[in-house]
Amino acid sequence: MSFETLDLSAELLKAINEQGYSKPTPIQEQAIPIILTGCDLLGGAQTGTGKTAGFTLPLLERLKRKAKNSGERHVRALILTPTRELAAQVGESVATYGKYLPFKSTVIFGGVNINSQIRSLRNGVDIIIATPGRLLDHVSQGTVDLRHVEILVLDEADRMLDMGFIHDIKKILAILPKNRQNLLFSATFSPEIKTLANGLLHSPKTVEVVRHNTAAESVSQLVYPVDSKRKRFLLSHLIGSENWKQVLVFTRTKHGANRLSEQLAIDGITAAAIHGNKSQSARTKALEDFKQGVVRVLVATDIAARGIDIDQLPRVVNFELPNVAEDYVHRIGRTGRAGNEGKAISLVCIDEHKLLKDIERLLKRSIPSAIVPGYEPDPTIKAEPIPNGRMQSGGPRSNFNTRSSTGRPQSSRSSYGRPSNARR
Ligand code: AMP
């Protein structure tokens, strides 16, 4: 199928062509015709499937077809996202795909000065891409008028619920016109998402490109069992010895992200941390440096990494497994995008065995594991509760579906790594 068969205007086809997309991705192929009919849609799609264009293109097409000639600009489409990064990226997509159409869009999120947002709203926009909290600030200040919204998109709705935005979303829904088209995208379909979808969507059509809670097949996954204290050395070793150029590393906490990026710097590896405590400009700069190859490692927490969109990101590392198994699927979905191969590597210590089991249960398969010579876990170390209070059952070490070794010779240690002397 080609984009030409999707009934999109010449202006959109031209913009798509400039992006170099030769054919629609599966979510685009399925979602675009449905959205063009005006139906509500429930979309099961992870980042990396092309979902943003999947809703942005038909949204722009519908606004164009229903364009009014009154001369007055109203907010006709509202796209809500969980994070600033995702809002900024969706905003870029709207601007890119809509560049030959006369619509104006603006991105609204917190952490930056509100006045420039007020100015652009006052000048008139057709499309708003926003995070819920800051949008409500504008609502309460009377600086945004949402009475003319025709299309509402909730992007990464599962993450919005995880982040506790449900009340904000309800407040926003309450002030939107009743008669509108609703599109809800989510990577997972939890009971909470189903409840939200039932209340929001009218006779929706459902499209789902990756079966929910499964990892993309283009991502190969591997677990390296290692003691928690030695994870940072193993990471430096892998980066150095395998010469990784661009790797996104996940930690569980903001503090952990900072500490790891400092430790990597000590090991001579350029790294930056990105998390919610950093200013928006620091986050944008870290992301840009990472994309440009100025820093090799971006250390991120789950929330900060949502929506990070890097073409051809070859590798994701779970320095710590996430507490919530679904987050693993989100994390590794950063790599293996748009037809490229990706690798997801998890450094797993004994305390995390239960988390690993949860993930494997969700994926309905076990993840292969391999010991890196010199980094064998110490069998005398017992599992301890991890900080969020979840007890980790010790369990036999054979919980790991371990291949004997990476096959790398023992001597191939980089100067970064500090393997233990004891071979067990
Ligand atoms: P998304 O899932 O929306 O985050 O998109 C993932 C990546 O796929 C983005 O970098 C898009 O630029 C890219 N993309 C979107 N649609 C296509 C397409 N039809 N062909 C190739 N790449 C695409």
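A look at the pairing of strand β9 (residues 247–250)
Because side chains alternate across β9, one face comprises the buried residues V247 and V249, and the other comprises L248 and F250, equally buried. As defined by bridge partners, β9 adjoins strand β11 (residues 297–300) across four bridges and the pair is classed as parallel. Its bridge partner lying in β11, F250 is registered against A300. Across four bridges, β9 lies against strand β12 (residues 315–318) in parallel orientation. Residue pairing in the sheet places L248 in a bridge with V316 of β12.

Description of the nonpolar core
Judged by nonpolar contacts, the single largest core of 37 residues is most densely connected at L8, L57, I79 and I127. Once you skip the residues sitting within four places of it in the chain, I79 turns out to touch F55, L59, V90, V94, I127, I128, I129, A130 and V153. Grouped together as the second largest cluster of nonpolar side chains are 31 residues, V75, L136, I169 and L176 included.

Some remarks on the packing of helix α6 (residues 132–141) against helix α8 (residues 166–175)
With their axes 9 Å apart at the nearest point, α6 and α8 run at an angle of 45° to one another. In terms of their interaxial angle, α6 and α8 are classed as oblique. When the axes of α6 and α8 are compared, the crossing they make is left-handed. Along the contact surface, α6 presents P132, G133, L135, L136 and V139, while α8 presents D168, K171, I172 and I175. Residue composition of the contact of α6 with α8, by class: six nonpolar, one polar and two charged.

Let's talk about the pairing of strand β5 (residues 151–154)
Within a regular beta strand, the side chains point alternately toward one face of the sheet and then the other, so they alternate between its two faces. Side chains I151 and V153 of β5 all project onto a buried face; the interleaved residues L152 and L154 project onto the opposite face, where all are buried too. Examined bridge by bridge, strand β2 (residues 77–80) and β5 share four bridges and lie parallel to one another. Pairing of I79 across the sheet is with V153, part of β5.

Some details on unusual backbone geometry
Here the phi dihedral of D7 falls at roughly 65°; this positive angle occurs in a residue that is not glycine. Accessibility expressed as a relative area gives 51% for D7, which makes it exposed. Positive phi is not limited to glycine here, since S203 has a value of about 35°. With respect to the helices and strands, the residue S203 is situated in the loop between α9 (191–200) and β7 (205–208). We classify S203 as exposed; its relative accessible area is 67%.

Quick look at the confidence of the model for the protein chain
Low-confidence regions, as indicated by low pLDDT, have predicted coordinates that should not be scrutinised in detail. Chain-level pLDDT for the protein chain is 85 on average; 87% of the residues reach the 70-or-more range. Scored below 50 in pLDDT, residues 389–424 shows 101 contacts in the model against residues more than four places distant or in partner chains.

Some details on the environment of L200
Positionally, L200 belongs in helix α9. Each C-alpha atom of the pair L200 and D40 lies 9.1 Å from the other, and the pair is 160 residues apart in sequence.

Here's the deal with the packing of aromatic side chains
Across all of its chains, the model carries two aromatic pairs by this definition. Seen in terms of ring centroids, F55 and F185 are 5.2 Å apart; in terms of plane orientation they differ by 40°. Their pairing is tilted. Here the residue F55 occupies a position in helix α3 (residues 51–65), and F185 occupies one in strand β6 (residues 181–186), the gap between them amounting to 130 residues. F185 carries the same exposure label as F55, and that label is buried. The lysine or arginine in question, K231, covers the ring of F319, its NZ or CZ lying 5.9 Å from the ring centre.

Structural notes on the sheet that holds strand β1 (residues 41–44)
The strand order β3-β4-β2-β5-β6-β1-β7 describes an open sheet built from seven strands, whose pairing is parallel. Of all strands in the sheet, those with a lone pairing partner are β3 (105–108) and β7, marking the two edges. Averaged over all pairs of adjacent strands, the angle between their axes in this sheet comes to 15°, without regard to strand direction. Here β1 pairs with β6 via four bridges, running parallel. Bridge pairing in β6 places G43 opposite F185. The strands touched by helix α4 (residues 84–97) are β2, β3 and β4 (127–130); relative to β4, the strand with the most contacts, the crossing angle is about 155°. α9 contacts β1, β5 and β6 of the sheet and is inclined by roughly 170° relative to β6.

Scoring rules and cut-offs
Sequence order as written defines the numbering, with residues in each chain counted from 1. Per-residue local features are limited, in this predicted model, to residues with pLDDT of at least 70; the limit for side-chain atom pairs, both in listing and counting, is 80 or more; totals at the level of whole chains, interfaces and linings are taken over all residues. Excluding hydrogens and water, the side-chain values take into account all heavy atoms of the structure. In this scheme, a residue with accessible area under 20% of its type's maximum is buried, one over 50% is exposed, and one in between is partly exposed, where area comes from a 1.4 Å probe on protein chains only. Numbering of helices and strands runs from the N terminus, with a helix taken as a DSSP run of H or I at least four residues long and a strand as a DSSP run of E at least two residues long. Paired strands are those between which DSSP finds at least two bridges. Among the buried residues, those of types Ala, Val, Leu, Ile, Met, Phe, Trp, Tyr and Cys that are joined through side-chain atoms within 4.5 Å form a nonpolar core. Should any heavy atoms of two residues lie within 4.5 Å, those residues are considered in contact. Interaxial angles span 0 to 180 degrees and are taken between N-to-C directions of axes, which are lines fitted to C-alpha atoms, for helices over the stretch in contact. Angles below 35 degrees are treated as roughly parallel, those above 145 as roughly antiparallel, those between 65 and 115 as roughly perpendicular, and all remaining angles as oblique. The hand of a helix crossing depends on one turn: near helix anticlockwise from the far one by less than a right angle means left-handed, and clockwise means right-handed. Only Asp, Glu, Lys and Arg are considered charged, only Ala, Val, Leu, Ile, Met, Phe, Trp, Tyr, Cys and Pro nonpolar, and every remaining residue, Gly among them, polar. For every residue, the predictor reports its confidence as pLDDT, a number between 0 and 100. Aromatic pairing here means that ring centres of Phe, Tyr or Trp (its six-membered ring) are within 6.5 Å. Orientation follows from the plane angle: under 30 degrees is stacked, over 60 is edge-to-face, and everything else is tilted. Any Lys NZ or Arg CZ that is within 6 Å of a ring centre and within 35 degrees of that ring's normal is treated as a charge sitting over the ring.

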